[in-house]
Amino acid sequence: MTIALIDYGAGNLHSVHNALKAAGAVDVAVTADPAVVHRAERIVLPGVGAFGACAAGLWAIPGMVEALESQVIGTGVPFLGICVGMQLLATRGLEHGETPGLGWIAGDVKLIERTDAHIKVPHMGWNDVAPTNHHDGAELLEAGEAYFLHSYHFQPDEGRHVAAMTDHGGGLVAAVARDNILGVQFHPEKSQRYGLDLLARFLDWNPQ
């Protein structure tokens, strides 16, 4: 089983690669080649940094977005987006202006609003992951604690796409999902056993 780990200059590739291997993956291709994506049986899109910069890096690779859409939306290949890789699933990001996303899950990526002086932004460190009762990928998520690091958060237009929540002075979306697509705001590669177990379930995932 080939896993395409997308290299577009915006991901923590070394750590994610090692975590996938530790979770049981055998063939992980770190790639910026759309041809490799077209052959992949799993796709992982990491991402750290600003939404606009990540989007620009992804769209700058000729044929990459088209390959992702063909495989994930067209063929139904299981997909995992991590941190900004999850946020890129949105319709648009509102960090430093408005930037279009992939639009696979309708919604916006917005700045976390501080509800009181004790709430720090960015949201950084370990926090609870509370799965919702929805389906569409939510079966991959279990209750536990994961490592977060973000200043912006994904607000899907439809609640059915929210797969898990966390709390940071109010509810924040910790994961989104639809069909064969799962996105997590936290970093599985930094979340020790909780993260490795999630990646292991992703490797075995056969969405219908």
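Residues numbered from 1 in each chain as written. Predicted model: local features only at pLDDT ≥ 70, side-chain atom pairs only at ≥ 80, totals over all residues. Heavy atoms only, no water.

The name an unreviewed UniProt entry gives the protein is Imidazole glycerol phosphate synthase subunit HisH, with Alteraurantiacibacter palmitatis as the organism. Taken from UniProt, the Subunit (unreviewed entry) comment for the protein reads in full: "Heterodimer of HisH and HisF." Listed under Subcellular location (unreviewed entry) in UniProt, the entry text for the protein is "Cytoplasm". (UniProt positions renumbered as here; feature names shortened; annotations may be inferred.)

Trainee: Explain the environment of A22 to me, please; I cannot follow it from the model alone.
Mentor: The residue A22 is located in helix α1 (residues 13-22) in this model. Here A22 falls in the exposed class, since its relative accessible area comes to 58%. Considered as a pair, A22 and A200 are 178 residues apart in the sequence and their alpha carbons are 8.7 Å apart. (Helix = DSSP H or I, 4+ residues; strand = E, 2+ residues; numbered from the N terminus. Buried < 20%, exposed > 50% of the residue type's maximum accessible area, 1.4 Å probe, protein only.)

Trainee: Any chance you could explain the UniProt feature "active site" (unreviewed entry) in the protein here in plain terms?
Mentor: Sequence positions flagged by UniProt for "active site" (unreviewed entry) are, in local numbering, C83, H187 and E189. In sequence the annotated residues extend across 107 residues, while in space they remain close, none of their C-alpha pairs exceeding 10.9 Å. Assignment of secondary structure puts C83 in the loop between β4 (79-82) and α5 (84-87). Judged by relative accessible area, C83 falls into the buried class, the value being 4%. When sequence neighbours within four positions are dropped, the list of residues in contact with C83 reads G47, L149, V184, Q185, F186 and H187. Among the structural elements, H187 can be located in the loop between β13 (181-184) and α6 (192-204). Filtering out sequence-adjacent residues up to four positions away, H187 remains in contact with G47, V48, I82, C83, Y147 and L149. (Contact = heavy atoms within 4.5 Å.)

Trainee: What's the story with the sheet that holds strand β8 (residues 123-131) in this structure? I'm lost.
Mentor: What links the strands of a sheet is backbone hydrogen bonding, and the strands pair in either a parallel or an antiparallel sense. Spatially, β2-β1-β3-β4-β13-β12-β11-β8-β9 is the arrangement adopted by the nine strands of the open sheet, whose pairing is mixed. Of all the strands in the sheet, just β2 (27-31) and β9 (144-150) have a single pairing partner and so form its edges. Averaged over all neighbouring strand pairs, the angle between strand axes comes to 25°, with direction disregarded. Relative to strand β3 (residues 42-45), helix α4 (residues 64-75) is tilted by about 130°, and along the sheet it contacts β1 (2-6), β2, β3, β4, β12 (171-178) and β13. (Pairing = 2+ DSSP bridges. Axes fitted to C-alpha atoms, helices over the stretch in contact; angles between N-to-C directions.)

Trainee: For this particular structure, what's the right way to read the sheet that holds strand β7 (residues 107-111)?
Mentor: Judged by pairing direction, the sheet is mixed, and its four strands sit side by side in the order β6-β5-β7-β10 without closing on themselves. Single-partner strands in this sheet number two, and they are β6 (99-100) and β10 (152-156). As paired elements, strand β5 (residues 92-93) and β6 share two bridges and run antiparallel to each other. Looking at β6, one finds that R92 is bridged to P100.

Trainee: I'm lost on the packing of aromatic side chains in this one. Help?
Mentor: For any two aromatic rings, the description comes down to two numbers: the centre-to-centre distance and the angle of the planes. Tallied over the entire structure, the rule returns five aromatic pairs. Centre to centre, the rings of W126 and Y147 are 6.3 Å apart; their planes meet at 75°, and the pair counts as edge-to-face. Separated by 21 residues along the polypeptide, W126 in strand β8 and Y147 in strand β9 bring together distant segments of the chain. Among the residues examined, W126 registers a relative accessible area of 39% and is labelled partly exposed. One aromatic cluster is present, formed by F148, F186 and Y194 through successive ring pairs. One residue, R42, lies across the ring of F202, its end atom 5.9 Å from the ring centre. (Phe/Tyr/Trp six-rings, centres within 6.5 Å; stacked < 30°, edge-to-face > 60°. Lys NZ or Arg CZ within 6 Å of the ring centre and 35° of its normal.)

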